[in-house]
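Structural overview for review
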Amino acid sequence: MAKRLDLESVDIFYGDFHAVKEVNLHVPPRSVTAFIGPSGCGKSTVLRSLNRMHEEIPGASVKGSIKLDGVDIYDKKIDPVAVRRTIGMVFQRPNPFPTMSIKENVVAGLRLQGVKNKKTLDEVAEKSLRGANLWNEVKDRLDKPGGGLSGGQQQRLCIARAIAIEPQVLLMDEPCSALDPISTLAVEDLIAELKNDFTIVIVTHNMQQAARVSDQTAFFSLEATGMPGQLVEVNSTERIFSNPENKQTEDYVSGRFG
Ligand SMILES: Nc1ncnc2c1ncn2[C@@H]1O[C@H](COP(=O)(O)OP(=O)(O)OP(=O)(O)O)[C@@H](O)[C@H]1O
């Protein structure tokens, strides 16, 4: 189910503004790739280009090639909505539908796809909530509103909602930045389990988190404000945090810059 992503010579623009230049990156299936780097270097921009969310911004565009298991996701024949079903996304702030029940939050995507069978919806809800390590905490209140859960539970609910439609890749944009340390650990444990089934790309400002959860780390930077961000180094996470190839990476991970 999990798939690989390959980026070749990817340049990303907001109108005339060249936000990110020349990204070449390979994301293996069933792995976690962390994007790190100083504010404004383009981490979220690259992440959003991976499921064609970037183009939702008026004037925004992407050049180069992004392939999912060899298929160009920007090919004219490819439907962006289908891409977003295959490559799911979890955002910085948990965004459940607050008045909708916990169960309905999880199966919202399936309902949009026209699934009506109660048994199917119940089964998917349970499987996804178990997958998101939330089942035991909510199984007795599936009909209560999603907005009544704690922040960490809401984020796991959003992860359950994302995995319910069985994507092949999960993109996470600072998924723990609004969470307390205990909820953060719960989500990090979950990421470690999810990589058995999904390919995961996560943006994080927390370098310890990148070191804890990821297999490979991509360090982005920018030469100066107004210049495009670029991928400086991608390497195994162990290498990035112990003996990076690039001096800029070393300065950043050792806290001397950024
Ligand atoms: N909607 C937008 N319209 C125009 N420019 C944008 C937009 N979103 C981001 N940018 C610009 O693109 C560049 C990269 O931004 P991006 O948010 O991808 O960086 P980032 O590394 O994720 O930053 P942070 O760590 O602060 O979230 C920045 O110069 C930013 O101002």
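Criteria and cut-off values
- Residues numbered from 1 in each chain as written.
- Predicted model: local features only at pLDDT ≥ 70, side-chain atom pairs only at ≥ 80, totals over all residues.
- Helix = DSSP H or I, 4+ residues; strand = E, 2+ residues; numbered from the N terminus.
- Buried ≥ 20, exposed ≤ 12 C-beta atoms within 10 Å, placed from the backbone.
- Expected span 1.5 Å × (residues − 1).
- UniProt positions renumbered as here; feature names shortened; annotations may be inferred.
- Axes fitted to C-alpha atoms, helices over the stretch in contact; angles between N-to-C directions.
- Parallel < 35°, antiparallel > 145°, perpendicular 65-115°, else oblique.
- Left-handed = near helix turned anticlockwise from the far one by under 90°.
- Contact = placed C-beta atoms within 7 Å.
- Nonpolar A, V, L, I, M, F, W, Y, C, P; charged D, E, K, R; others polar.
- Pairing = 2+ DSSP bridges.
- Near = placed C-beta within 6 Å.

What follows deals with the environment of Gln 208. Within the fold, Gln 208 resides in helix H8 (residues 207-213). Under the C-beta neighbour-count criterion, Gln 208 is labelled exposed, with 10 such atoms within 10 Å. As a C-alpha pair, Gln 208 and Phe 241 span 33 residues in sequence and 9.5 Å in three-dimensional space.

The end-to-end C-alpha separation of helix H6 (residues 151-164) is 20 Å, in line with the 20 Å expected for 14 residues at 1.5 Å each. With 13 of 14 residues buried, H6 lies mostly within the body of the structure. Phi turns positive one or two residues past the end of H6, at Glu 166, with a value near 50°.

With that settled, consider the UniProt feature "domain: ABC transporter" (unreviewed entry) in the protein chain. UniProt tags residues 5-253 as "domain: ABC transporter" (unreviewed entry). Here residues 5-253 is 37% helix and 27% strand, with 25 Å between the C-alpha atoms at its ends.

Take the packing of H6 against helix H7 (residues 181-194) next. Orientation of H6 relative to H7, taken along the N-to-C sense of each, is 20°, at an axis distance of 8 Å. Taken as axis vectors, H6 and H7 run roughly parallel relative to one another. The handedness of the crossing between H6 and H7 comes out as right-handed. Contact residues: Gly 151, Gly 152, Gln 155, Arg 156 and Ile 159 in H6; Ile 182, Ser 183, Ala 186, Val 187 and Leu 190 in H7. Of the residues that constitute the contact of H6 with H7, the class distribution is five nonpolar, four polar and one charged.

Strands sit in the order S5-S4-S1-S2-S10-S9-S3-S8-S7-S6 across an open sheet of 10 strands; the sheet is mixed. The outermost strands of the open sheet, each flanked by one partner alone, are strand S5 (71-72) and strand S6 (87-90). Both strand S4 (residues 60-68) and S5 contribute to a ladder of two bridges, which runs antiparallel. Bridging across to S5, Lys 67 finds its partner in Asp 72. Contacts between H6 and the sheet are confined to S6 and strand S7 (169-173), with S6 contributing the most and set at about 170° to the helix.

So, about the site of the ligand. Taken together, the neighbourhood of the ligand is formed by 13 residues, with Tyr 14, Ser 39, Lys 43, Ser 44 and Thr 45 sitting nearest. Here the element with the most residues in the shell around the ligand is helix H1 (residues 43-49); it accounts for three residues. In the shell around the ligand, the residues fall into five nonpolar, seven polar and one charged.

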